[in-house]
Amino acid sequence: MQVLTPLFHVFVFPGFLFLIAFGLFASWVDRKLVAKMQNRVGPPLIQPFADLIKLLAKEDIIPESANRAMFAVAPLVAFAGVVASAIYVPMWSAQAANSFQGDLIVVIYLLTLPAFALFLGGWYSTNPFATIGATRVLSQLFGYEVPFFLACLGPALAGGSWSISEITAAQADGGWFIAAAPLSFIVAMIALIGKLERVPFDIPQAKTEIVSGPEVEYTGKRLALWKLSFLAETIVASALIAALFLGGPHFWGIPFGDMPAWLAGLVGLIVLAVKILLIVFFLSLTRAALARIRIDQMVEWCLLWLGIPALVNLGIIIFTMS
Amino acid sequence: MAKLDFPVGPQHPALKEPENLRFSVDGELVVDADIRIGYVHRSIERSCSERNFVQDLYLCERVCGICSNAHTQNYCQAVEAIAGVEIPERAQWIRMIMHEFERIHSHLLWLGVAGHEIGFESLFMYVWRDREVIQDILEMVSGNRGHYAMTMLGGVRYDIAPEMVTKIREGLAFLRQRAEYYADIATSEQTFLERTSGVGVVSGETCVQLGAVGPVLRASGVAFDVRRTFPYLQYDKVEFPVRTSELCDVLGRTLVRVQEVIDACDICTQCLDMMPEGDVNMRFPRKVPEGEAVARIEAQRGEVIYYVRSNGTDVPERVKIRTPTLANLPASLEMVKGGYIADIPIAFASIDPCFSCADRMVELNDVSSGDSRTMTWAELVKLSRRKS
């Protein structure tokens, strides 16, 4: 059993299978919501699954001028990074599958891996669109990564720990850190849009400008892997924000202590899933309501309007704690 | 980063038609731009001199799918001028109404495409939903949503019946209100402003030098509108302002177009009020007397010019078409130079390009040596047999 449990965590829950299934479901929710907001019908529930299967069946092409190893490995690294980070994020109770002091830093870095992998994959595919998209990935990274990190520092300071599980446990009395760090929460949500490369920050992909940026040369199962990486990242990053700011699986009036362990885990998972879907709803709303901005506008705006509020909120937390 | 050659097209998601644009980019900045057209050359002008005047009507309608009515109208105007025929007055008013209907549908289509180009999908969806209203009206009046085949030599094909008029008025009132709403969005939605204000700037002076026409010219502060400067049909009897903007950028072009939708609704209402009773078409002679004529009209994209020469038979000797896209292309290259890559699609889209309309000739060039050569009909047939 002791060997099987970590394998279960990596491959079934909260890792590989769960991330794919819930990621595809969340993408259906997102597509359906945006469709409703845009006065369209939207896809059926099965659509994201069908898209995935279709992509897996397609021919896999590697461009002749591309660096084969880098091109092939990049999507695997991205997906592996996201799945690995899922193990340290609480998904069903305040305690994650695994935790240690400093896992917050590890998760933030693992969640940055898809962006770096996307840059490398795009750069080594040597397509002009991919090259421009790849440089945009990196430029954009500087825009959102610093504010995102600063925003995650807020709950870490308020909870007095570098472990996500401990930060979540510190909110078990109902004192969600969104109250202590409201600005940090808003900053984290907006930086999340940049991280997931969605409208208005879908600049690296920008389909009407550079087709689909770094992914342009990818086909078949490698493209499917890219899509899955970003779907899984949506889930993990949303779960991270929920764990840091929204009390993780906690909700008032649900007596987790009185339930048997399996029921507490199930209810906790459902509560967290609802919170993740609420974050997805926010992402859909911005996608429907806004236009894509330019990379220079994005970096400037993010550093000014995300960086400074995150710092201000950190200052307030430190001042009130001492 | 070194300078990079950045191709857009012939196949690219931002282009609806095949055309090759070449940009020299330095990082995100566009240093130089060039265009190669001719991918959709259909030899319409030549085909016109092979068919009779009535058949050419159908051919001209197919120069463009968006401004199809403008082309037939322009062609009829030129041929009728050679024949010295004055069409019935009611037909003139109906032609005007169709002309403005087409302007409404085309400008709304453009607004949706502009939203799509800057990643504002919701605007695209909303505008195209509202555009269905004018499409339904066009279908009710002419029987078609696309190529209306409404204009014919000597008048128009169908009359606008009294029961249609109430429906048209309702539709126009709705569209006018929606156009005002979109004008409000264009001036208040922050991300839309970020992407359109100060983008694709070209001054009025440059526009005039490069021969730009239509909304592009007017958005650079030059008040030129063929409907006002050289009135045709009954345009001297209706009241409408010539919309201009001093902004010289994409935002200015957006505002000019949206305001023209509002004006077009007003013009249609005036036409419906002032339209006299009477015939809508007349017999037109099969043979057109010897002579030549130039007709110009203000289509939604700008000035369309037709030159027709007749040698006294039922087949024209020459039909020459100048579409607004061709006139606006030099100005569009100026718009993207010095701007960002991200602004290329919206800057190009802001002239409302229709490349298939613009292609009048194609030159075969050897890519390596640059030599041009001519292919005969027999060679073309042989080539097509080998390729198929």
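With that settled, consider the overall build of chain A. When helices and strands are tallied, chain A shows 13 helices and 0 strands. Against the globule reference of 20 Å for 322 residues, chain A gives a C-alpha radius of gyration of 19 Å, in line with a compact fold. Each principal axis of the C-alpha atoms in chain A carries an extent, and together these give about 60 × 45 × 40 Å. Taking all 322 residues of chain A together, 56% fall into the buried category. In chain A, 18 side chains carry a positive charge and 18 a negative one; their mean positions are 10 Å apart.

Take the sheet that holds strand E1 (residues 4-8) of chain B next. The 3 strands lie next to each other as E1-E2-E3 (chain B), forming an open sheet whose pairing is antiparallel. Each edge of the open sheet is held by one strand with a lone partner, namely E1 and strand E3 (29-36) of chain B. Taken pair by pair, the neighbouring strands of this sheet meet at an average axis angle of 25 degrees, ignoring direction. Note: strand E2 (residues 20-26) of chain B against E3(B), 7 bridges, orientation antiparallel. In the strand pairing of E3(B), Val25(B) is matched with Val30(B). Lying on the sheet, helix H6 (residues 128-159) of chain A is in contact with E1 and E2 of chain B; it crosses E1(B) at an angle near 115 degrees. Those strands touched by helix H12 (residues 324-336) of chain B are E2 and E3 of chain B, and its axis lies near 160 degrees from that of E3(B).

With that settled, consider the interface of chain A and chain B. At the interface, 25 residues of chain A touch 31 residues of chain B. In total, chain A and chain B occlude about 2,500 Å² of area from one another, counting both sides; carbon and sulfur atoms represent 59% of this. As a salt-bridge pair, Arg294(A) and Asp343(B) come within 2.8 Å of each other at their nearest N and O atoms. Between the two partners, chain A and chain B, sit 9 residue pairs in polar contact (both at pLDDT 80 or more). Of all elements in the fold, only H6, helix H10 (207-210), helix H12 (261-289) and helix H13 (295-321) of chain A reach the threshold of two or more residues within the side of chain A that touches chain B. Broken down by element, the residue count for the side of chain A that touches chain B peaks at 5 residues, all from H6(A). Classifying every residue of the side of chain A that touches chain B by side-chain character gives 13 nonpolar, 5 polar and 7 charged.

It is worth spelling out the sheet that holds strand E8 (residues 316-322) of chain B at this point. All names here are of chain B. The sheet built from 3 strands is open, its strands ordered E6-E7-E8 with antiparallel pairing. Across the chains shown, the open sheet's two edge strands, defined by having one partner strand only, are strand E6 (291-299) and E8. The average undirected angle you get between the axes of adjacent strands in this sheet is 15 degrees.

Right, let's get into the packing of aromatic side chains. This structure, assessed with the given rule, holds 18 aromatic pairs over all chains. Ring geometry for Tyr75(B) against Tyr306(B): centres 6.5 Å apart, planes inclined by 70 degrees, an arrangement best described as edge-to-face. Here the residue Tyr75(B) occupies a position in helix H3 (residues 68-83), and Tyr306(B) occupies one in strand E7 (residues 302-310), the gap between them amounting to 231 residues. When its relative accessible area of 0% is taken as the criterion, Tyr306(B) is described as buried. Among the aromatic side chains, those forming a connected cluster through ring pairs are Phe18(A), Phe22(A), Phe25(A) and Trp28(A). Sitting over the ring of Phe240(B), Arg228(B) keeps its end group 4.6 Å from the ring centre. The residue whose ring lies beneath Arg257(B) is Trp110(B), and the NZ or CZ to ring-centre distance is 4.3 Å.

On to the confidence of the model for chain B. Parts of the prediction with low pLDDT should not have their coordinates interpreted in detail. Averaged over every residue, the pLDDT of chain B is 87; the share at 70 or more is 99%. Interface confidence for the predicted complex, given as ipTM, is 0.75, next to a pTM of 0.82.

Once that is clear, we can look at the nonpolar core. In terms of nonpolar packing, the biggest core is built from 124 residues, with Phe6(B), Phe23(B), Tyr75(B) and Phe101(B) touching the most fellow members. Of the residues forming this core, the biggest block, 14 residues, is contributed by helix H4 (residues 89-117) of chain B. With residues up to four places along the chain from it excluded, the contact list for Phe23(B) reads Leu4(B), Asp5(B), Phe6(B), Val8(B), Val30(B), Asp32(B), Ala33(B), Val336(B), Ile344(B) and Phe348(B). Ala134(A), Leu192(A), Phe201(A) and Phe245(A) belong to the second-largest nonpolar core, a separate cluster that totals 89 residues.

Glancing now at the packing of helix H2 (residues 16-37) of chain A against helix H4 (residues 68-86) of chain A. All names here are of chain A. The geometry of H2 relative to H4 is characterised by a closest axis approach of 10 Å and an angle of 105 degrees between their N-to-C directions. The pairing of H2 with H4 is recorded here as roughly perpendicular in orientation. Contacts between H2 and H4 involve Phe16, Leu19 and Ile20 from the first element and Phe79, Val82, Val83 and Ala86 from the second. Among the residues forming the contact of H2 with H4, the class breakdown is 7 nonpolar, no polar and no charged.

Conventions used here
- Residues numbered from 1 in each chain as written.
- Chains lettered and ligands numbered in written order.
- Predicted model: local features only at pLDDT ≥ 70, side-chain atom pairs only at ≥ 80, totals over all residues.
- Heavy atoms only, no water.
- Helix = DSSP H or I, 4+ residues; strand = E, 2+ residues; numbered from the N terminus.
- Rg over C-alpha atoms; globule rule 2.2 N^0.38 Å.
- Buried < 20%, exposed > 50% of the residue type's maximum accessible area, 1.4 Å probe, protein only.
- Lys, Arg positive; Asp, Glu negative; His and termini not counted.
- Charge placed at Lys NZ, Arg CZ, Asp CG, Glu CD.
- Pairing = 2+ DSSP bridges.
- Axes fitted to C-alpha atoms, helices over the stretch in contact; angles between N-to-C directions.
- Contact = heavy atoms within 4.5 Å.
- Buried area = accessible area lost by both parts, 1.4 Å probe.
- Salt bridge = Lys/Arg side-chain N within 4 Å of Asp/Glu carboxyl O.
- Polar contact = N/O pair within 3.5 Å; in protein donor to acceptor, adjacent residues only side chain to side chain.
- Nonpolar A, V, L, I, M, F, W, Y, C, P; charged D, E, K, R; others polar.
- Phe/Tyr/Trp six-rings, centres within 6.5 Å; stacked < 30°, edge-to-face > 60°.
- Lys NZ or Arg CZ within 6 Å of the ring centre and 35° of its normal.
- pLDDT = per-residue confidence, 0-100.
- Core = buried A, V, L, I, M, F, W, Y, C linked by side-chain atoms within 4.5 Å.
- Parallel < 35°, antiparallel > 145°, perpendicular 65-115°, else oblique.

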